[in-house]
Amino acid sequence: MKHNKLLFVVFAILLSMTASAQVEINGIYYSLSSNGATVVHHDYCHYSGSIVIPSTVTYNTTIYKVTAIASEAFVMDGITSVSIGSNVKTIGSCAFQYCDELTSVTIGSRVTTIGSNAFERCINITSVKIPSSVTTIGEYAFRDCKALKSATIGKNVTTIGTGAFYGCSALKSVTIPNSVTIIGNYVFSRCSSLTSVTIGNGVTYINDYFLSGSSSLTSVTIGDAVTTIGAGAFSGCSALKSFTFPDGVETIGKEAFSNCSSLTSITIPNSVTTIGEHAFNNCKELKSATIGNGVKTIGNGAFSSCSSMNAVHITDLKAWCKIEFTYAAANPLFYAHHLFMDDKEIKDLVIPNSVTSIDQYTFVGCSEIQTLTIGSNVREFGNQAFYDMTKLTSITSLITNPSPIDNKNLFYNTRSVELVVPAGTKEKYQGTAGWKDFDTILEGISLNKTEAIIKKGKAVSLEATVYPSRLLDKSVKWKSSNTKVATVTDGWVRGIKAGTATITCTSNATGLKTTC
């Protein structure tokens, strides 16, 4: 009985050794198991020439399917071509890494996973076709394959790992199919010959530094599902002249387009809420930026060193006043100086009555503004909101109860700019912090009479004086509160019958009013 137990133990040990042992079949080493055969690395074997990995191998009369290529199986070997059999499902990490002489790769039709660094620095591969069976391309799988000119990505790939094609400097064009939902950082970074990229509709997040340093890129097509463009995603794409943002993009990350030195104009859709710091830094040919109504935050230096910038386009002034600029240099106006509303340059800026607050740096550097009208409901002013308006000659405030202004840098010049205020509020402004710093405070509209007694059938002339001084349109409109007592036409008030009537005079240009 003990003898039988001993034999059983010996048999089990031998079986275990056989299951894990490496065997050589037709010049290739395999590890055999009940799950099939795996091509493995052998310390004392260095492969060279053409390698064909078969679909099956036979050992001791048993047929094994070859289902995998193990990690580092051919690392640094001198093989020149490889054909991978139809039963292989997995190509392990670093399987063909540093195979400098490898020029041709045929990937089998059942491979599902290409491991990390699998073909890294195979510097003589010129093309690769990834079959539709593949779902995952691992991190740095084809990194620094410097002769790779063509890469076809199969229609069922879902994940492309970080740096998968990093430094493939001969690659010309790439189409990412709709099946792909995840792309890692640096996937096509430093692909210096890459001219066009199409990103399918499955991708929602273009990851950080995705195409950074791809200096020949001229065409990018992005699927409608993208909501986020990551940090540095297109930085250093110095040949890129135009870029179309899908309507669903919400976030443009920091440095996303920095050093895109050929970019000439951008249109930020209404869906975008955040533009990160230095997003368009050093885009030296960028001349105009259209900012959508949904933008809430623009990071510091977002448009720094955009030395050709000369126009900022908006369509909603109220939305613009709500943007949080983290610093003055975050505002494209800091560089452009010219603000356009519905394609017409604003020289006489009117803040609508619907605006209640103006964030910091909102109009900083907008030096072409000549007159400013502040709506009646504005209660809060951010730091330097109107600073550096060097051509400003007058400010008209429609606020009837001015609040103190703690921000000393709100206005660029309070000495030579005249402040025009509603009738009867001059003393309030003269006694309120911030506003009282203006040397010249004028009531925006006044009449030569504040009251008059008119006999029935007689008429009295009222004359209106309208400020600011530079105002071209000084026309007014007249209205009587009781036309049965008195009527008014072009300033002439005619008595109708005994009673009291209030005559209101309103500036057509500013909306300021006064009465008699």
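Residues numbered from 1 in each chain as written. Predicted model: local features only at pLDDT ≥ 70, side-chain atom pairs only at ≥ 80, totals over all residues. Heavy atoms only, no water.

1. Quick look at the overall build of the protein chain
- Along its length, the protein chain carries four helices and 44 strands.
- Its C-alpha atoms give the protein chain a radius of gyration of 37 Å, clearly above 24 Å, the size a compact globule of 516 residues would have.
- For the protein chain, the spread of C-alpha atoms along the three principal axes comes to 135 × 55 × 35 Å.
- The proportion of buried residues among the 516 residues of the protein chain is 49%. (Helix = DSSP H or I, 4+ residues; strand = E, 2+ residues; numbered from the N terminus. Rg over C-alpha atoms; globule rule 2.2 N^0.38 Å. Buried < 20%, exposed > 50% of the residue type's maximum accessible area, 1.4 Å probe, protein only.)

2. Focus on the environment of A73
- Of note, A73 is situated in the loop between β6 (62–69) and β7 (78–84).
- Judged by its relative accessible area of 0%, A73 is buried.
- With 35 residues separating them in the primary sequence, A73 and T38 have C-alpha atoms 9.4 Å apart.

3. Focus: the sheet that holds strand β34 (residues 394–397)
- Ordered by their spatial adjacency, five strands build an open sheet running β30-β32-β34-β35-β36, and the pairing between neighbours is parallel. The open sheet is flanked by β30 (348–350) and β36 (440–443), the only strands paired with a single partner. Neighbouring strand axes in the sheet, compared pairwise and without regard to direction, differ in orientation by 15 degrees on average.
- Strand direction decides the pairing type here: β30 and strand β32 (residues 371–374), joined by three bridges, are parallel. Residue pairing across strands places D348 opposite T371, the latter belonging to β32. (Pairing = 2+ DSSP bridges. Axes fitted to C-alpha atoms, helices over the stretch in contact; angles between N-to-C directions.)

4. Comments concerning the pattern of salt bridges
- In this structure the tally under the stated criterion is five salt bridges.
- One salt bridge connects D144 with R143, and the closest N-O pair in it is separated by 3.7 Å.
- Look at R143 and you get partly exposed, because its relative accessible area is 27%.
- Two residues, D439 and R415, come together in a salt bridge whose shortest N-O distance is 2.8 Å. Remark: R415 occurs in the loop between β34 and β35 (418–421) and D439 occurs in the loop between α4 (426–430) and β36; sequence separation between them is 24 residues. (Salt bridge = Lys/Arg side-chain N within 4 Å of Asp/Glu carboxyl O.)

5. Observations concerning the confidence of the model for the protein chain
- Mean pLDDT over the protein chain stands at 92; residues scoring 70 or higher make up 96%.
- Contacts for the low-pLDDT stretch residues 1–19, under 50 throughout, to residues beyond four places or in other chains number four contacts. (pLDDT = per-residue confidence, 0-100. Contact = heavy atoms within 4.5 Å.)

6. Things to note about the state of the cysteines
- Scanning the entire structure with this criterion turns up zero disulfides.
- C99 carries a free sulfur, and the closest cysteine sulfur to it, the one in C122, is 5.0 Å from it.
- Residue classification places C99 among the buried positions, given a relative accessible area of 0%.
- Counting only cysteine sulfurs, C306 is the nearest neighbor of C283, a cysteine outside any disulfide, at a range of 5.1 Å.
- For C283, a relative accessible area of 0% gives the class buried. (Disulfide = S-S within 2.5 Å.)

7. Points about the side chain of E418
- Of note, E418 is situated in strand β35.
- Among buried charged residues, E418 stands out as having no salt bridge; its nearest opposite-charge side chain is K474, 7.4 Å away.
- Those residues in contact with E418 that sit more than four places away from it in its chain are T393, S394, I395, T440, L442, P468, S469 and R470. (Lys, Arg positive; Asp, Glu negative; His and termini not counted.)

8. Quick notes on the sheet that holds strand β40 (residues 476–480)
- Ordered in space as β40-β43-β44, the three strands form an open sheet in which the pairing is antiparallel. The open sheet terminates on both sides in strands that have one partner only, identified here as β40 and β44 (513–515). Strand-to-strand twist of the sheet, defined as the mean angle between neighbouring strand axes without regard to direction, takes the value 20 degrees.
- Here strand β43 (residues 503–507) pairs with β44 via three bridges, running antiparallel. From the neighbouring strand, T506 faces β44, where its bridge partner is K513.

9. Some details on the layout of surface pockets
- Quantified by volume, the largest pocket comes out at close to 310 Å³.
- Taken together, 21 residues form the lining of the largest pocket, with A452, I454, A486, G499 and A501 sitting closest to its centre.
- When the residues that make up the lining of the largest pocket are grouped by side-chain class, the tally is 13 nonpolar, four polar and four charged.
- If you add up the space inside the second largest pocket, you get close to 230 Å³.
- Of all elements in the fold, only β30, β32 and β34 reach the threshold of two or more residues within the lining of the second largest pocket. (1 Å grid on protein atoms, 1.4 Å probe; cavity = no way out; pocket = protein on both sides within 12 Å on 5 of 7 lines; lining within 4 Å. Points joined across faces, edges and corners; volume = space filled by probe spheres on them. Nonpolar A, V, L, I, M, F, W, Y, C, P; charged D, E, K, R; others polar.)

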